[in-house]
Amino acid sequence: IHGIGSKPILSMLPSCFINPGDYLIQTVPGYPIMATHTKYLGGEVYNLLLREENSFYPDFSEIPEDVLKKAKLLYINYPNNPTGQVATKEFFEEVVRFAQTNNIVVVHDAAYAALTYNGVKPLSFLSVDGAIDVGVEIHSLSKAFNMTGWRLGFIAGNEKIISAYYFYLLYSYRMSSTFGTIRSI
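These remarks concern the structure in this document.

### Quick word on the nonpolar core
In step 1: Judged by nonpolar contacts, the single largest core of 27 residues is most densely connected at I25, I63 and L74.
In step 2: Where this core is concerned, the elements lending two or more residues are β2 (23-28), β3 (44-49), α3 (65-70), β4 (71-77), α4 (89-102) and α5 (131-134).
In step 3: The dominant element in this core, judged by the number of residues it contributes, is α4, at 6 residues.
In step 4: Leave out the neighbours within four places in its chain, and L74 touches I25, F60, V95, F98, I104, V105, V106 and V107.
In step 5: If you look at the next biggest cluster of nonpolar residues, it comprises 20 residues, including M12, L13, V107 and V136.

So this is what it looks like as structure tokens:
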């Protein structure tokens, strides 16, 4: 489903999953928009540091058990901005296992997915076995296709997660009139 850029999609997803006291786990450094909206909703944010000694991948074992019990969303971003680290198949497989074990929705911000160098081929989170069962990937056309300002993005992946986003989008932004409601049915 399309979005008005990737930022609005990222900002709306917490409204689909976060209740007061729930956690978003986000990698840091990274794009903070999901954290901002999680806090608006009364949720908590756990910052999972990306360290050079771990090749700028998160160490899921650092997350306290009490956070894991309340965590609803995991936000990751690869190729990572600002570190430039590119995800490997093994890393994404680890993310899938983590999400399955902890019943957490994965949100992969793939805004820079097409921007790789030195012969590295882009890797989609959704290409890994089990990823579609636990997450979504959000793409921005502005980065890869030099369309900055065009505000065009899309979300792909798990049908239930996308349905939650769609209904939030539909009833929050698009249903401004009875005619709009009838037209979309």
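### Re the environment of Y75
In step 1: Within the secondary structure, Y75 sits in strand β4.
In step 2: Dropping the residues within four chain positions of it, Y75 is found in contact with L10, L24, I25, Q26, T27, Y31, M34, V107 and D109.

### Digging into the side chain of N80
In step 1: Among the structural elements, N80 can be located in the loop between β4 and α4.
In step 2: In terms of polar contacts, N80 uses its side chain to reach the backbone carbonyl oxygen of N77, at 3.1 Å.
In step 3: When residues no more than four places from it in sequence are discounted, the contact partners of N80 are P29, L50 and Q85.

### Quick notes on unusual backbone geometry
Glycine aside, a negative phi is what most residues show, and trans is what most peptide bonds show.
In step 1: Going from V28 to P29, the amide bond is cis rather than trans, its omega being 10°.
In step 2: When you line up the elements, P29 lands in the loop between β2 and α2 (33-40).
In step 3: Although it is not a glycine, S55 sits at a positive phi angle of roughly 55°.
In step 4: Mapped onto the elements, S55 comes out in the loop between β3 and α3.

### Section: the environment of V86
In step 1: On the secondary structure map, V86 appears in the loop between β4 and α4.
In step 2: A C-alpha to C-alpha distance of 8.5 Å links V86 and L123, two positions 37 residues apart in sequence.
In step 3: Setting aside residues up to four positions removed in sequence, V86 forms contacts with Y57, Y78, P79 and V120.

### A few points about the sheet that holds strand β7 (residues 153-157)
In step 1: Within the open sheet, the 7 strands sit side by side as β1-β7-β6-β5-β4-β2-β3. Their pairing is mixed. Edge positions in the open sheet fall to β1 (2-3) and β3, since each of these has one partner strand only.
In step 2: Across 6 bridges, the pairing between β2 and β3 is parallel. Paired with T27 across the two strands is L48, which belongs to β3.
In step 3: Helix α1 (residues 6-17) contacts β1, β4, β5 (105-109), β6 (135-140) and β7 of the sheet and is inclined by roughly 155° relative to β6.
In step 4: On top of the sheet, α4 reaches β2, β4 and β5; it is set at about 170° to β4, its chief contact.

### Digging into the pattern of salt bridges
In step 1: In the structure shown here, the tally under the stated rule is 2 salt bridges.
In step 2: A salt bridge links E62 to R51, with the nearest nitrogen and oxygen atoms 2.5 Å apart. Separated by 11 residues along the polypeptide, E62 in the loop between β3 and α3 and R51 in the loop between β3 and α3 bring together distant segments of the chain.
In step 3: What makes E62 partly exposed here is its relative accessible area of 31%.
In step 4: On the basis of relative accessibility, which here comes to 29%, the residue R51 falls in the partly exposed class.
In step 5: Taking the shortest distance from any N to any O, the salt bridge between E93 and K89 comes out at 4.0 Å. One end of the pair is E93 and the other is K89, both in helix α4 and 4 residues apart, which spans about a single turn.
In step 6: Here E93 falls in the partly exposed class, since its relative accessible area comes to 26%.

Each value, and the rule that gives it
Residues numbered from 1 in each chain as written. Predicted model: local features only at pLDDT ≥ 70, side-chain atom pairs only at ≥ 80, totals over all residues. Heavy atoms only, no water. Core = buried A, V, L, I, M, F, W, Y, C linked by side-chain atoms within 4.5 Å. Buried < 20%, exposed > 50% of the residue type's maximum accessible area, 1.4 Å probe, protein only. Helix = DSSP H or I, 4+ residues; strand = E, 2+ residues; numbered from the N terminus. Contact = heavy atoms within 4.5 Å. Polar contact = N/O pair within 3.5 Å; in protein donor to acceptor, adjacent residues only side chain to side chain. Pairing = 2+ DSSP bridges. Axes fitted to C-alpha atoms, helices over the stretch in contact; angles between N-to-C directions. Salt bridge = Lys/Arg side-chain N within 4 Å of Asp/Glu carboxyl O.

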